[in-house]
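Remarks on the overall topology
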Amino acid sequence: MDIVYITGLQAEAVIGVYEWERSIRQQLVLDLELACDCRVAASSDSIEDAVDYDAISGRLLAYIGDSEFQLIETLAERAAELVMREFGVSWLRLRLAKPGAVAEAASVGVVIERGQPG
Ligand SMILES: Nc1nc2c(c(=O)[nH]1)N=C([C@H](O)[C@@H](O)CO)CN2
């Protein structure tokens, strides 16, 4: 299995369980690993055969920017479903960080894996 990856994708959203969080936008950072067979795109040298990290990044930024979930678990799950459904990705690992959430921590977040490799 090969991987196309995106790291440090910075987005902003309304997210959080507390009342004060419902009226502000907070920073989120995404890392994604996306299963693929890079030989297909390498053979044709065509973006049509590639897992397009630019298109996926843009779609995720738009989706997250419009979202208003309470939990980062919910946003991570929905974002994973979107990428798999719209971009035909069979397996992914998604890390979603909310770096401002705990003042004493460098960052907090979730990591999920969905689908089957290959
Ligand atoms: N597992 C989680 N724990 C917490 C979340 C969350 O989304 N998942 N959210 C909060 C608050 O919104 C927090 O980020 C405010 O600082 C607390 N714990």
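Residues numbered from 1 in each chain as written. Predicted model: local features only at pLDDT ≥ 70, side-chain atom pairs only at ≥ 80, totals over all residues.

Looking at the pairing of strand 3 (residues 91-97)
Worth spelling out the cut-off: At least two bridges found by DSSP between two strands are what make those strands a pair. Each helix corresponds to a stretch of at least 4 residues labelled H or I by DSSP, and each strand to a stretch of at least 2 residues labelled E; elements are numbered beginning at the N terminus.
As paired elements, strand 2 (residues 26-36) and strand 3 share six bridges and run antiparallel to each other. Paired with Leu34 across the two strands is Leu92, which belongs to strand 3. Judged from the seven bridges that link them, strand 3 and strand 4 (residues 109-115) form a sheet pairing that is antiparallel. Directly across from Leu92, in strand 4, lies its bridge partner Arg114.

Let's talk about the site of the ligand
Convention followed: Placing the C-beta atom from the backbone, one calls a residue near a molecule or strand if that atom lies within 6 Å of it. Polar here means any residue other than Ala, Val, Leu, Ile, Met, Phe, Trp, Tyr, Cys and Pro, which are nonpolar, and Asp, Glu, Lys and Arg, which are charged; Gly is therefore polar.
Around the ligand lies a shell formed by Gly16, Val17, Tyr18, Glu21, Leu71, Ile72, Glu73, Lys98 and Ala101. Broken down by class, the residue content of the shell around the ligand amounts to five nonpolar, one polar and three charged.

As for the environment of Leu75
Basically, it comes down to this: In this scheme every C-beta is placed from the backbone, and a residue whose C-beta has 20 or more other C-beta atoms within 10 Å is buried, one with 12 or fewer is exposed, and one in between is partly exposed. The contact criterion used here is simple: two residues whose C-beta atoms, placed from the backbone, lie within 7 Å are in contact.
As for its placement among the helices and strands, Leu75 is situated in helix 3 (residues 72-87). Taking the number of C-beta atoms within 10 Å as the measure of exposure, Leu75 has 24 and is therefore buried. C-alpha of Leu75 to C-alpha of Ser23: the two residues are 52 residues apart in sequence and 17 Å apart in space. Apart from the residues within four sequence positions on either side, Leu75 is in contact with Ile15, Ile64, Ser67, Phe69 and Leu96.

Overview of the UniProt feature "domain: Dihydroneopterin aldolase/epimerase" (unreviewed entry) in the protein
Going by this rule: UniProt positions are given in the numbering used here, feature names are shortened, and annotations may be inferred rather than shown by experiment.
Taking the numbering used here, the UniProt-annotated feature "domain: Dihydroneopterin aldolase/epimerase" (unreviewed entry) corresponds to residues 4-114. The distance separating the terminal C-alpha atoms of residues 4-114 is 15 Å; by composition the span is 33% helix and 31% strand.

A few points about the confidence of the model for the protein
How we decide: A score between 0 and 100, pLDDT records how confident the predictor is in each residue.
Summing up the model confidence of the protein, the mean pLDDT is 97 and the portion of residues at 70 or higher is 100%. Two numbers describe this predicted complex: its pTM, 0.97, and its ipTM, 0.97.

Some words on the packing of helix 2 (residues 53-66) against helix 3
Under the convention used in this document: The axes are straight lines fitted to the C-alpha atoms, using for helices just the contacting stretch, and the angles between their N-to-C directions are given from 0 to 180°. Throughout this description, any angle smaller than 35 degrees is read as roughly parallel, any larger than 145 degrees as roughly antiparallel, any in the 65 to 115 degree range as roughly perpendicular, and the remainder as oblique. Rotating anticlockwise by less than a right angle from the far helix to the near helix defines a left-handed crossing, while the corresponding clockwise rotation defines a right-handed one.
At a minimum axis distance of 11 Å, the contact between helix 2 and helix 3 shows a crossing angle of 140°. Judged on the interaxial angle alone, helix 3 and helix 2 are oblique. As for how helix 2 packs across helix 3, the hand of that crossing is right-handed. Contact with helix 2, carried on its side by Ile56, Arg59, Leu60, Tyr63 and Ile64, involves Leu75, Ala79, Leu82, Val83, Glu86 and Phe87 of helix 3 and no other residues of that element. Grouping the constituent residues of the contact of helix 2 with helix 3 by class yields nine nonpolar, no polar and two charged.

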